[in-house]
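Next come the chains, spelled out residue by residue.
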Number of protein chains: 2
Amino acid sequence: MKYPSIIQNLIDQFAKLPSIGPKSAERLVFHLLYRPQNELHEFSQAIDYLKGSVKQCQICFNFSESNPCYICNNIKRNKTIICVVAKPQDMAILEKTGSFDGTYHILGGNINPLENISPQQIKIKELVERIKNNGVKEIILALNPDMAGETTSIYLTKLIKQFPNIKITRLARGLPMGADLEYADEITLENALKDRREL
Amino acid sequence: MKYPSIIQNLIDQFAKLPSIGPKSAERLVFHLLYRPQNELHEFSQAIDYLKGSVKQCQICFNFSESNPCYICNNIKRNKTIICVVAKPQDMAILEKTGSFDGTYHILGGNINPLENISPQQIKIKELVERIKNNGVKEIILALNPDMAGETTSIYLTKLIKQFPNIKITRLARGLPMGADLEYADEITLENALKDRREL
């Protein structure tokens, strides 16, 4: 016997979360043991109420207090441009730039054979339905420039090409702000050269 | 507005935990949003019940289902040897070796002026009381070999030296199992030389 079962149970619960191993979970639980009960209760309530008050938008699959969400409901947003992202956090960070007035579509992940995520498990069918039913003019693929993101981009490009008159774009690739050419990797530099812009 | 307030609230709760920054907290919350409600409820209950069912032992300050804890209550444990540790996890890992039959004293941290932790804030007074009242023969200081652990060891050694006939020891220092001499740091090697053992 290592810890009392109540403590071990909470350690196991924390260890189920992504990027939290058993050691970190132990540390979190002992941290909580030293906190006052009212703080723990607040934390517990916040978890319990999470899904009750938050709805998933049936158009873009964003999480919001309303369905459709505040973006899909906003008449000022351009419904003919859909920006496709993998996770709700990606949408949030794009929104933070304040430079996009279209709508989003959250896939809920990327196609990833290594993690057994097939095209059927993410919201691709729903994206196709949106394209079919509405006057969509452009799809922006805002997926990570990594293996899973590239796989998903290629898959989606093939699929959307079937529809005539829909422009498919992806986020630009090149040097990030503050980068140092000396330390840039070859693929980034290659992309920066290929996509160079006239001034 | 970035996230609905229910989501933001839980992100803030997670971000209060040690070693979880706002970005990791976001990731944890969105992970939970994709889990079924019963899992969330289990998690929430585990947090809420934590402190209700777990007691802090008034002798050694271990967390247990009983007070005194299962170690202090065990008549087979040698009450004349007290092993002083900083955290409950340190006690658990020593217990796992199965090679110690004495009792423990959990300080609840180390003296650390940089983090404003003074001797009054950890269970030093209580340790002195234990030494005064019982037939304690040996105090083993099992604190980390770092700045805070060393400070606490020095402080405790001075304090306990006042009591005659109490042996004060600390955990051995030297090469860990599997170490490579070529890559060992100088202080570890110095300790390994100083504390060398005759075979």
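Details of the overall build of chain A
Helices and strands together make up the secondary structure of chain A, namely seven helices and six strands. Reading the helices (α) and strands (β) of chain A from amino to carboxyl end gives α-α-α-β-β-β-α-β-α-β-α-β-α. A compact globule built from 199 residues would reach a C-alpha radius of gyration of about 16 Å, whereas chain A, at 21 Å, exceeds it by more than 25%. Seen along its three principal axes, the alpha-carbon backbone of chain A occupies a region of about 65 × 45 × 35 Å. Burial status across chain A gives 26% buried among its 199 residues.

Topic: the pairing of strand S5 (residues 138-141) of chain A
Residues and elements named next belong to chain A. Direction of pairing for strand S3 (residues 78-85) relative to S5: parallel, over a ladder of four bridges. Counterpart to Val84 in the pairing with S5 is Leu141. Strand direction decides the pairing type here: S5 and strand S6 (residues 167-170), joined by four bridges, are parallel. Within the sheet, the bridge partner assigned to Leu141 lies in S6 and is Arg170. Handedness of the crossover joining S5 and S6 through helix H6 (residues 147-161) is recorded here as right-handed.

Looking at the sheet that holds S6(A)
All names here are of chain A. Here four strands make up an open sheet; going across it, the order is S4-S3-S5-S6 and the pairing parallel. Lying at the two open borders of the sheet, with one neighbouring strand each, are strand S4 (102-106) and S6. Strand-to-strand, the axes of this sheet are offset by a mean angle of 25°, without reference to chain direction.

Quick notes on the nonpolar core
Counting 28 residues, the largest nonpolar core has A:Leu10, A:Phe14, B:Leu10 and B:Phe14 as its most contacted members. Elements with a contribution of two residues or more to this core: helix H1 (5-15), helix H2 (22-33) and helix H3 (37-53) of chain A together with helix H1 (5-15), helix H2 (22-33) and helix H3 (37-53) of chain B.

Brief notes about the domain arrangement of chain A
Splitting chain A by domain gives domain 1 (5-53) and domain 2 (76-170). Just the C-alpha atoms count here: the centres of domain 1 of chain A and domain 2 of chain A sit 34 Å apart.

Thoughts on the sheet that holds strand S6 (residues 167-170) of chain B
Residue and element names in this part refer to chain B. If you trace the four strands from one edge of the open sheet to the other, you get S4-S3-S5-S6, paired in parallel fashion. Edge positions in the sheet fall to strand S4 (102-106) and S6, since each has one partner strand and no second. Each strand axis lies, on average, 25° off the axis of its neighbour in the sheet, ignoring direction.

What to know about the interface of chain A and chain B
Across the boundary between the two partners, chain A contributes 41 residues, which contact 41 residues of chain B. Of all the elements in the fold, those that place two or more residues in the side of chain A that touches chain B are H1, H2, H3, strand S2 (63-64) and helix H4 (88-97) of chain A. With 13 residues, the single largest contributor to the side of chain A that touches chain B is H3(A). When its residues are assigned to classes, the side of chain A that touches chain B shows 21 nonpolar, eleven polar and nine charged.

Describing the packing of H1(B) against H2(B)
All names here are of chain B. Look at H1 against H2: their axes get within 8 Å of each other, and the N-to-C directions meet at 125°. When the interaxial angle is binned, H1 and H2 end up oblique. Crossing of H1 against H2: the hand is right-handed. Residue-level contacts link Ile7, Leu10, Ile11, Phe14 and Ala15 of H1 to Pro22, Ala25, Glu26, Leu28 and Val29 of H2. Considering only residue class, the contact of H1 with H2 consists of nine nonpolar, no polar and one charged.

Examining the relation of the copies chain A and chain B
In this arrangement, two copies of a chain are superimposed by a rotation about an axis accompanied by a shift along the axis. Mapping chain A onto chain B calls for a screw motion: a turn of 180° about the axis and a shift of 0.0 Å along it, with 0.1 Å RMSD after fitting. These values place the two chain copies in the arrangement generated by a two-fold rotation axis. Of every C-alpha in chain A, the one belonging to A:Ser44 sits nearest the axis of rotation, 2.2 Å from it. Both copies share a contact surface, since 100% of the interface residues of chain A are interface residues in chain B too.

Regarding the confidence of the model for chain A
All names here are of chain A. A residue-level look at chain A finds 99% of positions with pLDDT of 70 or above and a mean pLDDT of 91. Within chain A, S4 carries the highest mean pLDDT (95), whereas helix H7 (residues 186-194) carries the lowest (87). Among the prediction metrics, the complex's ipTM stands at 0.79, with pTM recorded as 0.78.

Quick look at the packing of H3(A) against H1(B)
Put simply, H3(A) and H1(B) touch, their axes get as near as 9 Å, and they point 150° apart. Here H3(A) is positioned roughly antiparallel relative to H1(B), judged by the angle of their axes. The chirality of how H3(A) crosses H1(B) is left-handed. Here H3(A) contributes A:Glu42, A:Phe43, A:Ala46, A:Ile47, A:Tyr49, A:Leu50 and A:Ser53 to the contact with H1(B), which in turn contributes B:Ile6, B:Asn9, B:Leu10 and B:Gln13. In terms of residue class, the contact of H3(A) with H1(B) is built from seven nonpolar, three polar and one charged.

Some points on the environment of B:Gln56
All names here are of chain B. On the secondary structure map, Gln56 appears in strand S1 (residues 55-56). Here Gln56 falls in the partly exposed class, since 17 other C-beta atoms lie within 10 Å of it. When the C-alpha atoms of Gln56 and Gly102 are compared, they prove to be 19 Å apart, with 46 residues separating the residues in sequence. Setting aside its immediate chain neighbours within four residues, Gln56 contacts Phe61 and Phe63.

Details of unusual backbone geometry
A:Asn67 connects to A:Pro68 through a cis peptide bond whose omega is 0°. Looking at the element boundaries, A:Pro68 is found in the loop between S2 and S3. Non-glycine residue B:Ser19 carries a positive phi angle of around 65°. With 10 C-beta atoms packed within 10 Å, B:Ser19 lands in the exposed category. For B:Phe61, which is not glycine, the phi torsion reads 65° and is therefore positive. Of note, B:Phe61 is situated in the loop between S1 and strand S2 (63-64). You can call B:Phe61 buried: it has 20 C-beta atoms within 10 Å.

Rules used throughout
Residues numbered from 1 in each chain as written. Chains lettered and ligands numbered in written order. Predicted model: local features only at pLDDT ≥ 70, side-chain atom pairs only at ≥ 80, totals over all residues. Helix = DSSP H or I, 4+ residues; strand = E, 2+ residues; numbered from the N terminus. Rg over C-alpha atoms; globule rule 2.2 N^0.38 Å. Buried ≥ 20, exposed ≤ 12 C-beta atoms within 10 Å, placed from the backbone. Pairing = 2+ DSSP bridges. Right-handed = clockwise from strand over helix to strand, strands pointing away. Axes fitted to C-alpha atoms, helices over the stretch in contact; angles between N-to-C directions. Core = buried A, V, L, I, M, F, W, Y, C linked by C-beta atoms within 7 Å. Domains from an automatic or database assignment. Contact = placed C-beta atoms within 7 Å. Nonpolar A, V, L, I, M, F, W, Y, C, P; charged D, E, K, R; others polar. Parallel < 35°, antiparallel > 145°, perpendicular 65-115°, else oblique. Left-handed = near helix turned anticlockwise from the far one by under 90°. Least-squares fit on C-alpha atoms with pLDDT ≥ 70 in both. pLDDT = per-residue confidence, 0-100.

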